[in-house]
Structure formats: structure tokens, C-alpha cells
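Structural description and commentary
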Amino acid sequence: MRKRFILMLLALFCTLLLLSGCFQGEQSLPDMDPPPNAEEVDGQKDTKTKTESDGSETNKETEEAEETVERQLFLLDSNGLVAPQNFELPVPESNEVAQQILEYLVKDGPVTSLLPNGFQAVLPAGTEVLGLSIEDGTITVDLSEEFKEYAAEDEVKILEAMTFTLTQFDSVERVKLRINGEELKEMPVSGTSIANGYTRANGINIVPSDTVDLINGKAVTMYFPTEHDDKQYFVPVTQYIEAKDGNIHQAIVEALIDGPAYDTNLMHVFNNTTMLVDNPKLDSGVLEIVFNQNVLKDMESGVIADEVMETLVRTLTEQESVEAVNVRVENVEQIANESGEVYTKPVTRDVFTPSQKF
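Keep in mind the model is a prediction, meaning the values are calculated, not measured.

**Let's talk about the overall build of the protein**
- Helix and strand content of the protein: six helices and twelve strands.
- Per-residue burial for the protein yields a buried fraction of 40% across its 358 residues.
- Of the contacts made within the protein by residues no fewer than 6 positions apart, 61% connect residues no fewer than 24 positions apart.
- Of the roughly 21300 Å² of accessible surface on the protein, 47% is carried by carbon and sulfur atoms.

**Re the packing of aromatic side chains**
- Scanning the entire structure with this criterion turns up four aromatic pairs.
- Between phenylalanine 147 and tyrosine 150 the ring centres are 5.9 Å apart and the planes differ by 55°, which places this aromatic pair in the tilted class.
- Residue classification places phenylalanine 147 among the buried positions, given a relative accessible area of 0%.
- With a centroid separation of 6.3 Å and an interplanar angle of 40°, the aromatic rings of phenylalanine 270 and phenylalanine 291 are classed as tilted. Here phenylalanine 291 lies in strand E10 (residues 286-291) and phenylalanine 270 lies in the loop between helix H5 (248-258) and strand E9 (281-283), a separation of 21 residues in the sequence.
- By relative accessible area, phenylalanine 270 is classed as buried at 5%.
- Among the residues examined, phenylalanine 291 registers a relative accessible area of 0% and is labelled buried.

**As for the sheet that holds strand E3 (residues 129-135)**
- The four strands lie next to each other as E3-E4-E5-E6, forming an open sheet whose pairing is mixed. With partners counted over all chains shown, the strands left at the sheet margins are E3 and strand E6 (182-183), one partner each.
- The pairing of strand E4 (residues 138-143) with strand E5 (residues 174-179) spans six bridges and is classified as parallel. Bridging across to E5, isoleucine 139 finds its partner in valine 175.
- Each of E4 and E5 touches helix H4 (residues 155-166); the most contacted strand, E5, lies at about 125° to it.

**Describing a negative patch on the surface**
- On the surface, Glu93, Glu96, Glu103, Glu128, Glu146 and Glu149 cluster together into a negatively charged patch.
- Relative to the assigned elements, glutamate 93 resides in the loop between strand E2 (82-90) and helix H3 (97-103).
- For glutamate 93, a relative accessible area of 52% puts it in the exposed group.

**Quick notes on the sheet that holds E9**
- Taken together, the four strands give an open sheet; going across it, the order is E9-E10-E11-E12, and neighbouring strands pair in mixed fashion. Each of the sheet's edge strands pairs with one partner strand only, and the pair in question is E9 and strand E12 (347-348).
- For E9 and E10, the ladder comprises three bridges, and the chain directions are antiparallel. Each residue of the ladder has a partner; that of aspartate 283, found in E10, is valine 286.
- In the packing of helix H6 (residues 306-316) onto the sheet, contacts are made with E10, strand E11 (324-329) and E12, and the angle to E11 comes to roughly 140°.

**Here we look at the pattern of salt bridges**
- Inspection of every chain in the model, using the stated rule, returns eight salt bridges.
- A salt bridge links aspartate 278 to lysine 281, with the nearest nitrogen and oxygen atoms 2.8 Å apart.
- The exposure class assigned to aspartate 278 is partly exposed, which follows from its relative accessible area of 38%.
- Judged by relative accessible area, which is 44%, lysine 281 ranks as partly exposed.
- Connected through salt bridges with shared partners, the residues Arg200, Glu318 and Arg349 form a single ionic network.

**Comments concerning the environment of phenylalanine 169**
- By the secondary structure assignment, phenylalanine 169 is in the loop between H4 and E5.
- Spatially, the C-alpha atoms of phenylalanine 169 and glutamine 356 are 4.7 Å apart, while their sequence positions differ by 187 residues.

**Some details on the pairing of strand E8 (residues 231-241)**
- Where burial is concerned, most of E8 is hidden: eight out of the eleven residues are buried.
- In terms of strand pairing, strand E7 (residues 218-228) meets E8 through eleven bridges, oriented antiparallel. Considered in E8, the bridge of alanine 219 is made with tyrosine 240.
- What sits between the antiparallel neighbours E7 and E8 is a turn of two residues, in which aspartate 229 has the positive phi angle 55°.

**Topic: H4**
- Its twelve residues place the ends of H4 17 Å apart at the C-alpha level, agreeing with the 16 Å of an ideal helix rising 1.5 Å per residue.
- Most of H4 sits inside the fold, with ten of its twelve residues counted as buried.
- On its buried side, H4 packs onto strand E1 (68-76), E2, H3, E4, E5 and E7.

Analysis parameters
Residues numbered from 1 in each chain as written. Predicted model: local features only at pLDDT ≥ 70, side-chain atom pairs only at ≥ 80, totals over all residues. Heavy atoms only, no water. Helix = DSSP H or I, 4+ residues; strand = E, 2+ residues; numbered from the N terminus. Buried < 20%, exposed > 50% of the residue type's maximum accessible area, 1.4 Å probe, protein only. Contact = heavy atoms within 4.5 Å. Areas by Shrake-Rupley, 256 points an atom, 1.4 Å probe, with all protein chains shown as cover. Phe/Tyr/Trp six-rings, centres within 6.5 Å; stacked < 30°, edge-to-face > 60°. Pairing = 2+ DSSP bridges. Axes fitted to C-alpha atoms, helices over the stretch in contact; angles between N-to-C directions. Patch = residues over 30% accessible without salt bridge, like charges linked within 9 Å, V, L, I, M, F, W, Y side chains within 5 Å. Salt bridge = Lys/Arg side-chain N within 4 Å of Asp/Glu carboxyl O. Lys, Arg positive; Asp, Glu negative; His and termini not counted. Charge placed at Lys NZ, Arg CZ, Asp CG, Glu CD. Expected span 1.5 Å × (residues − 1).

Listed below in C-alpha cells is the structure:
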């Protein structure tokens, strides 16, 4: 009996010890002290707001750093033709526009990561723009010695690419070159004459012709579409054409209807039965052209193919006197593009290649 009583006392004692430990554990959990200099909840909101503000300013700086402007660069395509491509380039200082655009023509330069498949830059790697000046429509570009390091067969292509890239600006008509401050009268590798500078009138991707009288013919730059990797773009080619009865605009349109030379890999965009029904008429910079209905892609809806319109406008506005093209179709009240938008006024070049200014 005594032994049983002792065991009961021991069990009670152990229970008291366990309960004491539990209560002691609960009481030993201290309140969490705030970290030094911590603010109340409102203060935490202020801190978050400050963080958001900082992030907002960072984003603003990033947006400013990423501000871009569309520029057109003339590059070499997979067929070895000089062709324009549009790029979004960083906005430079106002006095560095021409220098920047030339730097994007340099092989292994900043354009490298932007190049579409099949395209390459034209200026020799390492070429630096040492300076440039513009006066009375002539831009003089001073280049480093590396400019001389090109293959002979690329000489004219380099001239064409530089000239057409720089003359996209309204204030530039002619390009002259220097190397380390010394004016070039001829190109350094094959000796192409550039004593009088180079202009768009010198042509681009010149197509030789055995059938045209070069003395009585006129060199005309025409645009035709082509494709690479399912991407369509327009390529300028210069060829000699003969103007019947002195109407050069009629001769150009008829040459476009005939299509590009077979060995250029360019597309023929007109239906074979397309015809002019009247001579083109120029009035105050607007050239009116009237076709038969075979020029249309969809006669019922009066839709003209976008590539046909772009071919006409790009080509004809290369003529100094033509600012816009008004395309009409015989017995069709109005025509529309492939998106169904009606052409309500003459089409300018800016629709396809916005004009640029320094």
C-alpha cells in the first residue's frame, strides 16, 4: 500500500513538472522587436512607394535610352543586289545623324545584330567616319584607311549603297569622299571616277542592255519586289529605256509592265494583259495613269495589288518632276488596296518610304 502511494506521488510530481515546462515555454516566447529605425505600417508604404518611384525612374531612363527612329539602309542582299531595308535605330544627336547611318553600313558594326537573313553590310570592316560636312546639297564624307580594304567587284555597289542611303535625306543630292582628309577623284581599288561626286543619277544595280540605243535612251531606276525567307522587299534597278514620242513616263510604265530582266530574280507584278488606255499626264507634280481593268487583282471589288501600286509609286517618284501618282482604271469608279481601303487621293512615296531630314 505504501509502495503504491509512493508511485502515485511520483506520477503526480512528473505531471507537475511537465505542466510547468509547457507553461514556461509559452511564457518564454518574447514579443518580436522591430528592427532598428523601422517605421510603422505607413512608413512601410512610404518605403514601397520610394522603391516603385525608383523603378519608375529607371524605366523612364530605359525608355529614353531606347528611343528610336526609322532609317533606311541600302545593303547587299543574297543575290548581290543593293537593296533598301528599314531599321529602327537609336536617336542620335542632331549633328550625328549622317555619321550614325554610315556607321550602320560597316561590316561587323552595329548593324550586324539587326541584319535580316541573306543581307550584309557594304563598307569594309573597321571603316571609321572621321568627319563629314554638307554644303549646297553635297555631303563630303571623310573615311579612315580601312575603307580601301574591299574587293574590286564591290566598288560600285559600295558607291551605290552609300549614295542611296545618304540621299534619302531631303538636303542631300550628291556624295563626295575623302580618306584621311584627302579628297578622292577616283575610288581606291578599281578607279571608278568620283571627281564630281556620286548621285542617284549614276544608277543602282545597273542592268546592261543590248537592245536599247544608249545614246537616245534614258537611264531610269525602277523598283521591283523580290522575296527571301518569305519576306518581300523592293529592289531598285537602273536600266536604259527609249521614250516613244518623248513621253518618258509612258515609257517607264510600259517597262514596268514588261517586268524585270530574267536574270535578276525580281518579280513580275503586272498581269500580262495590262495596258495603258491613255498617255500619262503630269499636272502640278501629280502623274495620272489610266489602265485597262486587267491591272486589277479583283475586278469585281476594284482591288489593285499592293505590290503593283508600290512598284508604280516608288519608280515614278524617282523622276524629279513627279511627287505623287494617281492611278485610275477604265470604267471603274474607285479602286482600293488589298485591305479594302479606297484610294481617295494621289499616292506619294512617303506612304512606303517616309522622307527623312537631318
